[in-house]
Amino acid sequence: MQTSNNYNRSRYRLGIWFTAPAVIVLLIVLAYPIIASLVLSFLKVRFGGDGLTFAWHGVTNYTDLFTNQLFREALFRSVYFTVVEVAAVIFLALSVALMLNHPLGRSAFYRVVLLVPWALSPVANAVLWKWIYNANYGILNQSLIGLGLIKENIIWLGTPWLALNMILIADVWKAVPFIALLMLAGLQNIPSYLYKAARLDGANAWQQFVHVTLPGLKTTLVISVVLQSIWALKVFDLIYVLTKGSPADSTVLLNYLSWRETFSNLDVGYGAAIANVLFILMFMLALVYIRALRPRQTAQRDG
Amino acid sequence: MPRYLTQFFIRFGLIAFTLLSLGPVVWSVVTSLLPLSALTSKPPDLNPLNITLENYSLVLDSSRGLFSGLVNSLIIATFTAAVGLVIGSMAAYALARLNMPSSNKILMMILATQMFPGIVIAIPLFLVMSRTRLVDTHFGLIVVYLSFILPIVIWILKGFFESVPMELERAAAVDGASPIQTFRYIVLPISLPPLFATGVFAFIEAWNEFFFAIILTRINVKTASIAIAEFSGQYQTLYGQMLASAVLASIPVVALAIIFRRFILEGFAEGAIKA
Amino acid sequence: MNTNRNVRLSRRDFLKLAGVGTAGLALSNYLAACAPAGSNTLNVLVPAAPDPAPPGVGQFSLDAFEQWKKDNGFEVAYEAPPWPQLHDKMAANFAAGQYVHDIIYMSGWVPEFADYLIDFTNDLPADLIADLPASSFSTLTWGGKRLGVIFTLSLLTMFYNTEMLEGIGVKEAPKTWDDLKGVAKELTGGGKYGWVLNYGAPEGIGGVASYWMCFLQQAGGKLYGDDGMPAFNNAAGVDSLQFMVDLMEFTDPGSLSYVGINDATNVFSAGQAAMMMNWPFMWKPANDPASSKVVGKVGSAILPAGPAGSASIDGTDAYTITKLSPNPEGARKLIEFYLDAEVQKRQVIDTGWLPIRLSVLNDPEVQAAAPNAATVLEQAQHPYDSYVTPDYNAVTTAIGVEIQKALAGTQSAQDAITTASDLVTEIVKKRG
């Protein structure tokens, strides 16, 4: 009893020591900027002679937002983009991870292939896709015409929804490797005796997937969905390079709008308000996902 | 489903996966090897006789700063990944297993720091960094990148540490191992795949990050991604040179993957649990 | 077991190494950052080449630059990020309110950052001022102060493919809107287009709104009235946009998706489009066999005349000096060096960016190296207002988006102009 108490106390003390470095780094770097961005959203900020000048603006930045049509459209498109992107990334990453975990896909070659798209610098990646999508001499149009699938060049980035979906495809291509790697690690964490037991019970491949693989991957799946949702809502590089929000603002998503107001129009307070709405959106999303995870955790602890 | 059909689908899937992953990359290599005038032909003139290494020799010219950018990125990414893994895995373990009070709240706050778009925190962050004279230093950029990757590292590793069977830890405790020994000799070794995944993540994020590198560096600590972006200007985008430098800059990451491939080759967890 | 011990050892060593390394890095960085940046160092923020850059970033007049530094006892520290990130950097630097740079390159941003800049032009030598086009100061003047000096004459002019035009028996560039439309129509078909431009980005100089401003002035209109309020919701405003819409039929449809002039230039250089408007710099790459298939077939002319004659816009590439600069004298001297006649000459010959000094523009050697210089000088005889204000980005974004809708055919030119005018009125009023 005595030792067990000691053991638990040393665990608790160690916990604090172990958590401290990471928390301190986060506090030092991010505490001020995050508080500043919250405060800025209630201010009218102007560029003056020696820096920024501030005036109290109340909730005007926020009320302006919700009466602004572009903001509402950007909000809707951000939600669309995130839902579709996350669904596509999770589906593709899971398929890739399953294939790479299968004996046929275990070769080191595929592991390296998996990492290649991810290794490409995002700026170069964006320029590469702009080059691929180019209406006149992009390889996409050239190949489709060469294969006889289309007759005329398609202006991939020239019409509203098409442009948004093309950005989405480029983003999915870039995002799949990491999530797939995570899932691969998750798959390797599932003890093989569970599969053996399932097979002994006469489970077929699909039943093994549903009753062993999916439950075993639950934590990984939830984390992947949370992280990927955050990243999808923050997409910026691709829009900046591929379309600058065009055509006619149809690819303006929230984060891009926030950049445009902050850095291009220098309306820092308004830009911060947009970012804070984005933050609230992500936070609520994360809460919902994490709730979904909780019952299993408690069950595990009780058991 | 008959076995041969499964095999067929998996082989087909693997081929599709390889083509889709490498296709755009191959096209960027092709673009970097051919003159622009050949690529703007219809159809593109892919005659191998036109192949030239001119783009590569141009981007390696020291005045373009690609080489020093690669060195800076290597320093920054290595430190970010190493320090991030060490303190991130410690925090993750504490939050997963060490009975921390209100660990869920701490975790949520850690994740919340990731939800602020970098764009709005850039200006206040620049203010802090410039007051503390950390603009244009390796240290400054490493600390900032650490703050971006730590939440991810902690969340991912926490999930994996939770899946380490409690019995293993109890057994270690019965054998007289302290919690710190349990962490180092039991938990870490069987968590190599997720450690690898998060380590690569941290390295690549720090290697490729662009927006904060632009704002927080000036002259001495320009990273590779800045050097790459310099080929995309207002009046001209030098596709060939840009993609040549991007190809060069992704080599270290691919090399990293090749060197450490054994960590993702097989399930370490399986072995540990069997033993 | 054996491998396990190895892993253990190397991990401990690695931790130590990481700790020592981090401490060392931190220390050395801190010492480097604390080292006084010497009052003889001039910090200069300019774009990376091949965008318009001074000697030392651009590859020209390098020896003269070394000599200048030696003679004047200055070090010059260049910060040269990619052009598209310049404005972001400036915003962050200025927001912090601390001294970072002495000299800053600007392009249409002088009014929005006017509070941070000083008027140094009165201290420039009189013969230099006399050698600059007086109108070149117009976009740099804000609140009655001249806050910078233009270093390259960069107006939009017409570029055309002489071979394609001759193919339909046209010897000269089109002189009027009707000519332009007629020629473009005849040259469109079979995968080729009469006209190409980048209509993909709405904002800034080089965005679709700024292009429309050329046509607006050609139609005799102007963006603002004397009271500073929008004054383009009239026949000139609508006609100019209607002309762009009419021209769309003979324009590369990809134009709607090109966000940078580079995308449009490539179509022209590949010989797929007969005409475009572009900056003078384009002459050099369009005549470079590595990137172009129209070498020796590039014609240069002033923009075609609308109802009110020809007109263009100004790229306004300028050097400015910041208010917080501890060494404005030295900064001014460096700018004088950038504008030195010999440096200006090397600038155009080695990099393709035209000089701004009239004497150099009229130099036969310069005109031989850049045959379009004469065209640009002639274009400068016509209006070329870029209408920059502190709200330039917001205004051009608002107008540009409406123009894009008109060009895509989803709204009429009249509706686009009316909406744009309302939006710009709102922006102007908001500033108060």
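Parameters and conventions
- Residues numbered from 1 in each chain as written.
- Chains lettered and ligands numbered in written order.
- Predicted model: local features only at pLDDT ≥ 70, side-chain atom pairs only at ≥ 80, totals over all residues.
- Helix = DSSP H or I, 4+ residues; strand = E, 2+ residues; numbered from the N terminus.
- Buried ≥ 20, exposed ≤ 12 C-beta atoms within 10 Å, placed from the backbone.
- Contact = placed C-beta atoms within 7 Å.
- Pairing = 2+ DSSP bridges.
- Axes fitted to C-alpha atoms, helices over the stretch in contact; angles between N-to-C directions.
- pLDDT = per-residue confidence, 0-100.
- Parallel < 35°, antiparallel > 145°, perpendicular 65-115°, else oblique.
- Left-handed = near helix turned anticlockwise from the far one by under 90°.
- Expected span 1.5 Å × (residues − 1).
- Nonpolar A, V, L, I, M, F, W, Y, C, P; charged D, E, K, R; others polar.

S.K.: Go over the overall build of chain B with me, naming the residues and quoting the values.
M.R.: Counting secondary structure elements, chain B contains 15 helices and 0 strands. Dimensions along the principal axes, computed over C-alpha positions, put chain B at roughly 70 × 65 × 30 Å. Within chain B, buried positions represent 59% of all 275 residues.

S.K.: Give a description of the overall build of chain A that names residues and reports values.
M.R.: Tallying secondary structure elements over chain A gives 13 helices and 2 strands in all. Overall, the C-alpha framework of chain A stretches about 70 × 65 × 30 Å when taken along its three principal axes. Counting all 303 residues of chain A, 54% fall into the buried class. In chain A, the share of contacts with a sequence separation of at least 24, taken over all contacts with a separation of at least 6, comes to 66%.

S.K.: Can you explain the sheet that holds strand β11 (residues 317-321) of chain C? Please cite residues and give values.
M.R.: Residue and element names in this part refer to chain C. On the basis of which strands lie adjacent, the open sheet formed by 5 strands has the order β2-β1-β3-β11-β6 and mixed pairing. In this open sheet, the two edge strands, each paired with only one partner strand, are β2 (75-79) and β6 (149-150). Sheet topology places strand β1 (residues 41-45) next to strand β3 (residues 103-107); 2 bridges connect them, and they run parallel. Following the sheet pairing, Val44 is matched in β3 by Ile103. Running at roughly 160 degrees to β11, helix α11 (residues 328-338) makes contact with β1, β2, β3, β6 and β11 of the sheet.

S.K.: Can you lay out the interface of chain B and chain A for me, pointing to particular residues and giving the numbers?
M.R.: Across the boundary between the two partners, chain B contributes 94 residues, which contact 82 residues of chain A. Counting residues per element, the side of chain B that touches chain A draws most heavily on helix α1 (residues 3-33) of chain B, at 14 residues.

S.K.: Explain the confidence of the model for chain B to me, and be specific about the residues and the numbers.
M.R.: Reading predicted coordinates in detail is not appropriate for stretches of low pLDDT. All names here are of chain B. Within chain B, residue pLDDT values average 86, and 94% of them lie at 70 or more. Across chain B, helix α4 (residues 66-97) holds the top mean pLDDT of 94, while helix α15 (residues 268-274) sits lowest at 38. Low pLDDT, under 50, characterises residues 267-275; the stretch is placed with 15 contacts to residues that sit more than four places away or in other chains. For this predicted complex, the interface score ipTM comes out at 0.88, while the overall pTM is 0.90.

S.K.: Tell me about the sheet that holds strand β7 (residues 157-161) of chain C, and name the residues and values.
M.R.: All names here are of chain C. Within the open sheet, the 4 strands sit side by side as β8-β9-β7-β10. Their pairing is mixed. Two strands close off the open sheet at either side, each with one partner strand: β8 (193-195) and β10 (298-301). Within this sheet the neighbouring strands show an average axis-to-axis angle of 20 degrees, counted without direction. Together, β7 and β9 (273-278) form the strand contacts of helix α9 (residues 261-269), whose direction differs from that of β9 by roughly 145 degrees.

S.K.: Give me the packing of helix α3 (residues 69-101) of chain A against helix α7 (residues 160-188) of chain A: which residues, what numbers.
M.R.: All names here are of chain A. As a packed pair, α3 and α7 sit with axes 6 Å apart at the nearest point and diverge in direction by 40 degrees. Taken together, the axes of α3 and α7 lie oblique to each other. By crossing handedness, the relation of α3 to α7 is classed as right-handed.

S.K.: Which residues make up the pairing of strand β1 (residues 43-48) of chain A, and what values do they have?
M.R.: A regular strand carries its side chains on alternate faces of the sheet. All names here are of chain A. Alternating residues of β1 divide into Leu43, Val45 and Phe47, all buried, and Lys44, Arg46 and Gly48, none buried. Looking at chain direction, β1 and strand β2 (residues 51-56) are connected through 6 bridges and run antiparallel. Looking at the pairing, Gly48 lines up with Gly51 of β2. Hairpin connection from β1 to β2: 2 residues lie between these consecutive antiparallel strands.

S.K.: Before we move on, can you summarise α9(C) with the specific residues and values?
M.R.: Residue and element names in this part refer to chain C. With 9 of 9 residues buried, α9 lies mostly within the body of the structure. Of the positions making up α9, those classed as buried are Ile261, Asn262, Asp263, Ala264, Thr265, Asn266, Val267, Phe268 and Ser269. Buried residues belonging to α9 abut β7, β9 and α10 (283-286). Phi turns positive, to about 75 degrees, at Gly271, one or two residues after α9.

S.K.: Can you explain α4(B)? Please cite residues and give values.
M.R.: All names here are of chain B. In this model, α4 (32 residues) spans 44 Å end to end at C-alpha, consistent with the 46 Å of a helix rising 1.5 Å per residue. α4 sits mainly inside the fold: 24 of its 32 residues count as buried. In the segment just after α4, Asn99 is the residue with positive phi, at about 50 degrees.

S.K.: Which residues make up the interface of chain B and chain C, and what are the values?
M.R.: Accessible area lost upon the coming together of the parts serves often as the stated size of an interface. Chain B puts 32 residues into the contact, and the matching count from chain C is 42 residues. Mapped onto the side of chain B that touches chain C, the elements with two or more residues apiece are α2 (36-39), α4, α6 (118-131), α7 (138-163), α11 (211-216) and α12 (224-229) of chain B. By residue number, the principal contributor to the side of chain B that touches chain C is α6(B), which donates 5 residues. Here the side of chain B that touches chain C is composed, by residue class, of 18 nonpolar, 10 polar and 4 charged.

S.K.: Now, about the confidence of the model for chain A: what can you tell me, with residues and values included?
M.R.: Mean pLDDT over chain A: 88, with 95% of residues reaching 70 or higher. For residues 297-303 of chain A, every residue scores under 50 in pLDDT, and the model assigns this stretch 0 contacts once sequence neighbours within four places are set aside.

S.K.: Outline the packing of helix α5 (residues 122-133) of chain A against α1(B), supporting the account with residue identities and numerical values.
M.R.: At their nearest, the axes of α5(A) and α1(B) sit 11 Å apart, and the two run at 85 degrees to each other. Classified by the angle their axes make, α5(A) and α1(B) are roughly perpendicular. Residues Leu128(A), Trp131(A) and Ile132(A) of α5(A) form the contact with α1(B), whose own contacting residues are Pro24(B), Trp27(B), Ser28(B) and Thr31(B).

S.K.: Give me the lowdown on the environment of Pro151(B), citing residues and values where you can.
M.R.: All names here are of chain B. Within the secondary structure, Pro151 is located in helix α7. As a C-alpha pair, Pro151 and Gly23 span 128 residues in sequence and 32 Å in three-dimensional space. Ignoring anything within four residues of it in the chain, the contact list for Pro151 reads Ile110, Leu111, Thr113 and Gln114.

S.K.: Now, about unusual backbone geometry: what can you tell me, with residues and values included?
M.R.: Following Ser246(A), the chain continues into Pro247(A) via a peptide bond in cis, with omega recorded as -10 degrees. Here Pro247(A) lies in the loop between α11 (237-242) and α12 (254-264). Omega for the bond connecting Ala49(C) with Pro50(C) falls within 30 degrees of zero, at 10 degrees, which places this linkage in the cis form. Here Pro50(C) lies in the loop between β1 and α2 (62-72). The phi dihedral of Lys244(A) is positive, around 50 degrees, even though this residue is not glycine. In this structure, Lys244(A) sits in the loop between α11 and α12.

S.K.: Tell me what's going on with the environment of Leu168(A), and back it up with residues and numbers.
M.R.: Residues and elements named next belong to chain A. Structurally, Leu168 is set in helix α7. Look at Leu168 and you get buried, because 20 C-beta atoms sit within 10 Å. Dropping the residues within four chain positions of it, Leu168 is found in contact with Phe81, Val84 and Glu85.

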